[in-house]
Amino acid sequence: MKSTAAVLMGPLESGDFATERPVRTAEIDVEAPTGTEVLIEIGAASLCHSDISMSRGHHDKQYPFVMGHEGAGYVQAVGDDVTTVEVGQQVVLGRMSCGRCEYCRIGRSNLCERRVQARKAGTLRTGARRFRLDGSPIYHCHGVSSFSEYTIVTEEVAIPVTDEIPIRHASLLGCGVFTGAGAVMNTADIEPGADIAIFGCGGVGLSAIQAADVRGAGRVIAVDLVDEKLDLAADLGATHTVNSGVADPVEQIRDIVDDGVDYAFEIVGNVGVAEQAIESLAPLGTAVLVGAPPRGTKETELNYFDVVLGERSIVGSFNGSYDLPTAIPKLAEMVARGRFDLDPLISGERTLDEVNEALSELDSGSGIRQLIIP
C-alpha cells in the first residue's frame, strides 16, 4: 500500500535542520504483513532527542530510513503467524525482541541480542525490509518507523494498551515515559523517602520526576538550563529546582542536601553532566546513567577515589531496564488512573511535512515532546 512518510536521506552532521532539510516527505510503498508482522495505521508519533542523535549521525544507522521510534496506532492487518494482537486494537509501538536469547528468557528483552543486530542493519527483527522508495528498498528505524501514515512491525513491537487513554498519550509510552519512569521505579527501584536529583528535564526527565512522586521520594531536585522546564518540573513533583547555568549544580544540590543525594539520574547523555551526577551523590549513593552520548565518547574526569571511598555505584539504564510487553500496559493503566500526567509533556503537534522544523526546535533546546500526526 502507499503511505506518506518522513524519510531521513542522510545524516546532517552540522547546520540547522530547518535550513538544510535532510528529512524528505515522500510517498513510500509498504508491503503487506506476512508471518509475525503487523501493519499499523499510526495515530500519533513523538519526537525524541534520540531522533536528533540519529539525524546527526551519532548512532550506527543505514540511510535512507523512515524515521520515528515512538508512536501508537491501530492494527490494520496481521500475518498468518501473529497471535498477540488483533485487527482494530490500539497499540503502543515498543521495541524488537526475539523471545529466545538469554536476555529475553530472563525478562530483560530490552537487551535482546537480535534486536541490536536488526537495529544496526535497519531491518525488522527478522532481517526483512518492508519499505520501498522509488522502487528501491529503504531502511527501518529501530523496527518501528512511526513517522509514516502506515508502518509494519514484528508482533512483539505492537503492544496492546487500554483504549481509556487517548492515542496522543499512548504515543508517549513508546520511549520517553518508560525510559524515565523505569530508571526510577525499575533500575534504581528507589525507596520511599529517598533524596534524588534528576539532571535533564525533557520528556524522559519529567517522566522520572513523576515516577519519583509515585514512589514517595523525599527531596526531588530537578536540574536543567531552562527555567521554563524547571517550572514544569516543579508542577509535576520536583521539590527543588536547580539551574545549572547559574552556578555549579553540585554545590547547589549540596546546599539542599548536605551529604548529597541517594540517587542521581543523568538523562542528557553528556559525560560532563554524568560527572556532576556522580559528584552529587552521598556515600552509598547510586548514579543512574540514562542518556546516551555519541558512540565512542570516552573522555571523562571521573573522581575514581571518591567513588571507591564512598562506596558509590554507577549503573546504566536502557529502556528503563524493562521487559516492554509487560511494562507498557502497566504504565498505560497508571496513566488511565491519573498517576502520570502526560499533557504537560506535549509541546505541540506537527505534520509529516514539518519534521525538519520540529527537529530544529528540539535541537535548540525548546519544547518537551512534539507530536507528529501523519
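Being a predicted model, the structure only gives us computed values, none of them experimental.

Undergrad: Got a sec to walk through helix α12 (residues 324-336)? Specific residues and values, please.
TA: For α12, built from 13 residues, the straight-helix expectation of 18 Å at 1.5 Å per residue is met to within 8% by its first-to-last C-alpha distance of 18 Å. Looking only at α12, the buried set comprises Leu324, Ala327, Ile328, Leu331, Ala332, Met334 and Val335. Projected down its long axis, α12 shows its buried positions confined to an angular sector of 160°, all on one face. Where the residues of α12 are buried, they touch β6 (90-93), β10 (158-160), α6 (176-187) and α7 (203-214). Phi for glycine 338, located one or two positions after α12, is positive at around 85°.

Undergrad: Which residues make up a negative patch on the surface, and what values do they have?
TA: On the surface, Asp248, Glu251, Asp255, Asp258, Asp259, Glu279 and Asp306 cluster together to form a negatively charged patch. Positionally, aspartate 248 belongs in the loop between β13 (240-243) and α9 (249-256).

Undergrad: Describe the pairing of β6, with residues and values.
TA: The side-chain alternation of β6 yields two buried faces, one formed by Gln90 and Val92 and the other by Val91 and Leu93. One ladder, built from 3 bridges, connects strand β5 (residues 71-78) with β6; its direction is antiparallel. Bridge pairing in β6 places alanine 72 opposite valine 92. Sheet analysis places β6 next to β10, joined by 3 bridges and oriented antiparallel. Within β10, the position partnered with leucine 93 by the bridge is alanine 158.

Undergrad: Explain helix α13 (residues 355-363) to me, and be specific about the residues and the numbers.
TA: Within α13, the full set of buried residues consists of Val355, Asn356, Ala358, Leu359, Ser360 and Leu362. Looking at the packing, one finds that the buried side of α13 touches β1 (2-8), α1 (17-20), β2 (23-30), α2 (49-55), β17 (346-350) and β18 (369-372). Of the residues trailing α13, glycine 365 is marked for its positive phi of about 95°.

Undergrad: Which residues make up the sheet that holds strand β11 (residues 196-199), and what are the values?
TA: Strands belonging to one sheet form pairs held by backbone hydrogen bonds; the direction of such a pair is parallel or antiparallel. As summarised here, the arrangement of the 6 strands in space is β13-β12-β11-β14-β15-β16, forming an open sheet in which the pairing is parallel. Each of the sheet's edge strands pairs with one partner strand only, and the pair in question is β13 and β16 (313-316). Put simply, the sheet's adjacent strands are angled 20° from each other on average, direction ignored. As judged from the 4 bridges shared by strand β15 (residues 281-289) and β16, these two strands associate in the parallel manner. Bridging across to β16, valine 288 finds its partner in valine 315. The sheet strands contacting α9 are β11, β12 (220-224), β13, β14 (261-266) and β15, and the helix crosses β13 at an angle near 160°.

Undergrad: Please set out the packing of α6 against α7 residue by residue, giving values where relevant.
TA: Close contact between α6 and α7 brings their axes to 7 Å; oriented N to C, the two are set at 40°. Overall, the two elements α6 and α7 adopt an arrangement that is oblique. The hand of the α6/α7 crossing is right-handed. Contacts between α6 and α7 involve Gly176, Val177, Thr179, Gly180, Ala181, Val184 and Met185 from the former and Gly203, Val204, Ser207, Ala208, Ala211, Ala212 and Val214 from the latter. Counted by class, the contact of α6 with α7 contains 9 nonpolar, 5 polar and no charged residues.

Undergrad: Talk me through the sheet that holds strand β7 (residues 131-133); I want residue IDs and the actual numbers.
TA: Taken together, 5 strands build an open sheet; the order of strands is β4-β1-β2-β7-β8 and the sheet is antiparallel. Either end of the sheet is taken by a strand with one partner, and the two such strands are β4 (65-66) and β8 (136-138).

Undergrad: Provide a residue-level description of unusual backbone geometry, including the pertinent values.
TA: Residue proline 64 is bonded to the preceding tyrosine 63 through a cis peptide linkage, with omega at -5°. Tracing the sequence through the fold places proline 64 in the loop between α2 and β4. Despite not being glycine, aspartate 189 shows a phi value in the positive range, around 50°. Relative to the helices and strands, aspartate 189 resides in the loop between α6 and β11. Given a relative accessible area of 44%, aspartate 189 falls into the partly exposed group.

Undergrad: With reference to specific residues and values, describe the pairing of strand β3 (residues 37-46).
TA: With 9 of 10 residues buried, β3 lies mostly within the body of the structure. Here 5 bridges tie β3 to strand β9 (residues 150-154), and the two strands are oriented antiparallel to one another. Counterpart to leucine 39 in the pairing with β9 is isoleucine 152. Bridge count for β3 against β5 is 7 bridges, and the pairing is antiparallel. Residue isoleucine 42 lies in a different strand from β5, and its bridge partner there is glycine 73. Of the pairings in the sheet, the one linking β3 to β18 comprises 2 bridges and is antiparallel in character. Looking at β18, one finds that alanine 45 is bridged to isoleucine 372.

Undergrad: Break down the packing of aromatic side chains for me, citing the residues and quoting the values.
TA: For the structure on display, the rule yields 1 aromatic pair. Sitting over the ring of phenylalanine 65, lysine 61 keeps its end group 5.0 Å from the ring centre. In this structure, arginine 129 is placed above the aromatic ring of tyrosine 139, and the distance from its NZ or CZ to the ring centre is 4.2 Å.

Undergrad: Tell me about the side chain of glutamate 275, and name the residues and values.
TA: Inspection of the secondary structure assignment puts glutamate 275 in helix α10 (residues 271-279). Of the buried charged residues, glutamate 275 lacks a salt bridge, with arginine 254 as the closest side chain of opposite charge at 14 Å. Look past the residues within four positions of glutamate 275 in its chain and what remains in contact with it is Thr300, Glu301 and Leu302.

What counts and how
Residues numbered from 1 in each chain as written. Predicted model: local features only at pLDDT ≥ 70, side-chain atom pairs only at ≥ 80, totals over all residues. Heavy atoms only, no water. Helix = DSSP H or I, 4+ residues; strand = E, 2+ residues; numbered from the N terminus. Expected span 1.5 Å × (residues − 1). Buried < 20%, exposed > 50% of the residue type's maximum accessible area, 1.4 Å probe, protein only. Arc of directions from axis to C-beta. Contact = heavy atoms within 4.5 Å. Patch = residues over 30% accessible without salt bridge, like charges linked within 9 Å, V, L, I, M, F, W, Y side chains within 5 Å. Areas by Shrake-Rupley, 256 points an atom, 1.4 Å probe, with all protein chains shown as cover. Salt bridge = Lys/Arg side-chain N within 4 Å of Asp/Glu carboxyl O. Lys, Arg positive; Asp, Glu negative; His and termini not counted. Charge placed at Lys NZ, Arg CZ, Asp CG, Glu CD. Pairing = 2+ DSSP bridges. Axes fitted to C-alpha atoms, helices over the stretch in contact; angles between N-to-C directions. Parallel < 35°, antiparallel > 145°, perpendicular 65-115°, else oblique. Left-handed = near helix turned anticlockwise from the far one by under 90°. Nonpolar A, V, L, I, M, F, W, Y, C, P; charged D, E, K, R; others polar. Phe/Tyr/Trp six-rings, centres within 6.5 Å; stacked < 30°, edge-to-face > 60°. Lys NZ or Arg CZ within 6 Å of the ring centre and 35° of its normal.

Any link to function would need more than the numbers given here.
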